[in-house]
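Examination of the molecular architecture
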Amino acid sequence: MHSELVRVSGLPLASFRREHVDQQVERACARERVSGADALARTLRSDREARRRFRRSVAISHGAMFRDPEQFKLLEEVLLPRLLAGGTRLSIWSAGCSDGAELHTLGLLVSRLGVLDRTVLLGSDLLEENLALARAGDYPAELRARMRWERRDLAADGPPPGRWRLVLCRNVAIYLTPEARQALYSTLAAALAMRGILLLGRSERLLDPASFGLRPAGPHAYQRVP
Ligand SMILES: C[S@@+](CC[C@H](N)C(=O)[O-])C[C@H]1O[C@@H](n2cnc3c(N)ncnc32)[C@H](O)[C@@H]1O
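Residues numbered from 1 in each chain as written. Predicted model: local features only at pLDDT ≥ 70, side-chain atom pairs only at ≥ 80, totals over all residues. Heavy atoms only, no water.

Digging into the overall build of the protein chain
A tally of regular secondary structure across the protein chain gives nine helices and seven strands. For 226 residues, the compact-globule estimate of 2.2 N^0.38 gives 17 Å, and the C-alpha radius of gyration of the protein chain, at 18 Å, lies within 12% of that figure. Structurally, the protein chain occupies a C-alpha span of about 55 × 40 × 30 Å along its principal axes. Sorting the 226 residues of the protein chain into buried and exposed places 52% on the buried side. Considering only intrachain contacts with a sequence separation of at least 6, the fraction spanning at least 24 residues in the protein chain is 69%. Carbon and sulfur atoms form 51% of the exposed surface of the protein chain, whose accessible area is close to 10,500 Å². Distance from the positive charge centre (35 side chains) to the negative charge centre (26 side chains) of the protein chain: 3 Å. (Helix = DSSP H or I, 4+ residues; strand = E, 2+ residues; numbered from the N terminus. Rg over C-alpha atoms; globule rule 2.2 N^0.38 Å. Buried < 20%, exposed > 50% of the residue type's maximum accessible area, 1.4 Å probe, protein only. Contact = heavy atoms within 4.5 Å. Areas by Shrake-Rupley, 256 points an atom, 1.4 Å probe, with all protein chains shown as cover. Lys, Arg positive; Asp, Glu negative; His and termini not counted. Charge placed at Lys NZ, Arg CZ, Asp CG, Glu CD.)

Right under this line is the structure:
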């Protein structure tokens, strides 16, 4: 699939749904005023900013504080208290963190619950340019000290070391092929601590949570079972 575009963009385009890639290629051609994938690849090779625009648009790189507020209400009122009842140390991973707004919001919730000093927060993303924005975010010093950022391709790299009590992976799976999505869900499930919770985006769900060793734990939420 668009092998020259894969080479020049450095993106694993085969992991993304074909229609999504085709649509993004079409939009990029219009944006950069070129016609066809080959011409686009030539532009991306010579123009760093055009390459950055293409990479961020294929990866759908946007986030916002408290995006989908009902999910953060569920976290604050149900899921985090449930996790804290089982132990006050939290490890939280925002998988596909984009510019860091999701992890920032989680950090604020954890602060409100009074356990920030017992929490580690990891944000990972496919794109270094998104992580640069996340690292440059304006965070309270105490929160910044608890945050780590790393590059990770969720469909290819496997989970980060450690066992995570809460994993958020929202609005990532929807853009992936069924195969890449399966690999992603295996990665997320393998990262969870026993009784740890995975929260997906509000248009994402696991069809067979048991096949990943998980059970439903709320809307778009799953818990690792012993
Ligand atoms: C729409 S944003 C979601 C941001 C945040 N999770 C939210 O819901 O607000 C999708 C993010 O997933 C990242 N992403 C896409 N494919 C990925 C992959 N294979 N591995 C890791 N991150 C990926 C993109 O770079 C982008 O930052």
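Let's pick the thread back up.
Comments concerning the site of the ligand
Around the ligand there are 20 residues in total, and Ile60, Gly96, Asp125, Leu154 and Asn171 lie nearest to it. For the ligand, an oxygen atom lies 2.7 Å from a polar atom in the side chain of Asp125. Between a nitrogen atom of the ligand and a side-chain N or O atom of Asp153, the distance comes to 3.0 Å. Partitioned by chemical class, the residues of the shell around the ligand number eight nonpolar, six polar and six charged. (Near = heavy atom within 4 Å. Polar contact = N/O pair within 3.5 Å; in protein donor to acceptor, adjacent residues only side chain to side chain. Nonpolar A, V, L, I, M, F, W, Y, C, P; charged D, E, K, R; others polar.)

As for the pattern of salt bridges
Here the idea is simple: oppositely charged side chains can pair when their charged atoms come close. Overall, the coordinates contain 17 salt bridges when judged by the stated rule. Close ionic contact of Glu129 with Arg55 constitutes a salt bridge, the shortest N to O distance being 2.5 Å. Here Glu129 is found in helix H7 (residues 128-135), whereas its partner Arg55 is found in helix H4 (residues 48-58), with 74 residues between them in sequence. Residues Glu129 and Arg55 agree in their burial class; the two are buried. (Salt bridge = Lys/Arg side-chain N within 4 Å of Asp/Glu carboxyl O.)

What about H7?
Among the residues of H7, those classed as buried are Glu129, Asn130, Leu131 and Ala134. Buried residues along H7 sit against H4, strand S2 (119-125) and strand S3 (147-151).

Let's talk about the packing of helix H3 (residues 37-46) against H4
Close contact between H3 and H4 brings their axes to 5 Å; oriented N to C, the two are set at 120°. Judged by the inter-axis angle, H3 sits oblique to H4. Considering how the two elements wind past one another, H3 and H4 form a crossing that is left-handed. The segment H3 lies against H4, with Leu40, Thr43, Leu44, Arg45 and Ser46 engaging Arg48, Ala50, Arg51 and Phe54. Here the contact of H3 with H4 is composed, by residue class, of four nonpolar, two polar and three charged. (Axes fitted to C-alpha atoms, helices over the stretch in contact; angles between N-to-C directions. Parallel < 35°, antiparallel > 145°, perpendicular 65-115°, else oblique. Left-handed = near helix turned anticlockwise from the far one by under 90°.)

Considerations on the domain arrangement of the protein chain
Accessible area lost upon the coming together of the parts serves often as the stated size of an interface. As far as domains go, the protein chain holds domain 1 (3-58) and domain 2 (69-224). A C-alpha centroid distance of 29 Å is found between domain 1 and domain 2. Taken residue by residue, the interface counts 10 residues in domain 1 and 14 residues in domain 2. With both chains or domains summed, domain 1 and domain 2 bury close to 1,000 Å², and 56% of this area falls on carbon and sulfur atoms. For domain 1, the biggest contributors to the area lost against domain 2 are Ser15, Arg17 and Arg56; these three give 47% of the whole. For the interface between domain 1 and domain 2, the tally reads five residue pairs in polar contact (both at pLDDT 80 or more). (Domains from an automatic or database assignment. Buried area = accessible area lost by both parts, 1.4 Å probe.)

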